[in-house]
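# Structure assessment
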Amino acid sequence: MTDQTIDQQKTAWLQASVLADELDASEVTTLARAMGVARLAGQESLVVEGDARRTLFVLVEGRLDVLHDHQGTDSAVYRMSPGECAGTRAFVDGSPRKAGLRAAGDCVVLTLEPDDFEALLAQHPLLVLKVMRALFRITHSNLMRANQESDALRNYVTRSHGRY
């Protein structure tokens, strides 16, 4: 596969992700060129909870399980679908991973390293701004989903609001 073919594939994958919602075609191509590709076999770990790795991940094929360590055992707390991103917080603030990621089957993930993203700042500041807005929307959406799940569980456990 030529570099041009790989870039075209990465561009097509990225275009279908939530990260590209605001980006025009040339911006998607520029960002895709800055990204790497990781291919995982089923049950292969991409990152483990506590890692210092700051990479942003965009799932483009297959499924990834988001894992949380509970008393020494990894428990799946969410299953990602193609187009979703993981690692937004670690990517932005550099803090250790709060969850692990493991392939639920064969999958393909686009990767973006902070240094490669920051290198775009000088020549493509609007692209960087749009991606940062997308990261904020993704993080906010994840927080809202977690709050809704917590509310549903609380309602179930306390039998409030007539739900049990």
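See the structure shown above.
The rules behind these values
Residues numbered from 1 in each chain as written. Predicted model: local features only at pLDDT ≥ 70, side-chain atom pairs only at ≥ 80, totals over all residues. Heavy atoms only, no water. Pairing = 2+ DSSP bridges. Helix = DSSP H or I, 4+ residues; strand = E, 2+ residues; numbered from the N terminus. Buried < 20%, exposed > 50% of the residue type's maximum accessible area, 1.4 Å probe, protein only. Polar contact = N/O pair within 3.5 Å; in protein donor to acceptor, adjacent residues only side chain to side chain. Contact = heavy atoms within 4.5 Å.

Moving on, we get to the pairing of strand S5 (residues 73-80). Relative to S5, strand S4 (residues 64-70) is paired through seven bridges, and the arrangement is antiparallel. The residue bridging Leu64 from the neighbouring strand is Met80, located in S5. Hairpin connection, S4 to S5: the antiparallel pair is bridged by two residues, and Gln71 has positive phi, about 55°.

A word on the side chain of Ser95. Of note, Ser95 is situated in the loop between helix H3 (88-93) and strand S7 (100-103). Classification of Ser95 by relative accessible area gives buried; the value is 18%. Within the structure, Ser95 has its side chain in polar contact with the side chain of Asp93 (distance 2.6 Å). Setting aside residues no more than four positions away along its own chain, Ser95 makes contact with Arg89 and Ala90.

This part is about the sheet that holds strand S3 (residues 56-61). Within the open sheet, the four strands sit side by side as S1-S8-S3-S6. Their pairing is antiparallel. Looking at the sheet topology across the chains shown, the edges are occupied by strand S1 (36-40) and strand S6 (85-86).

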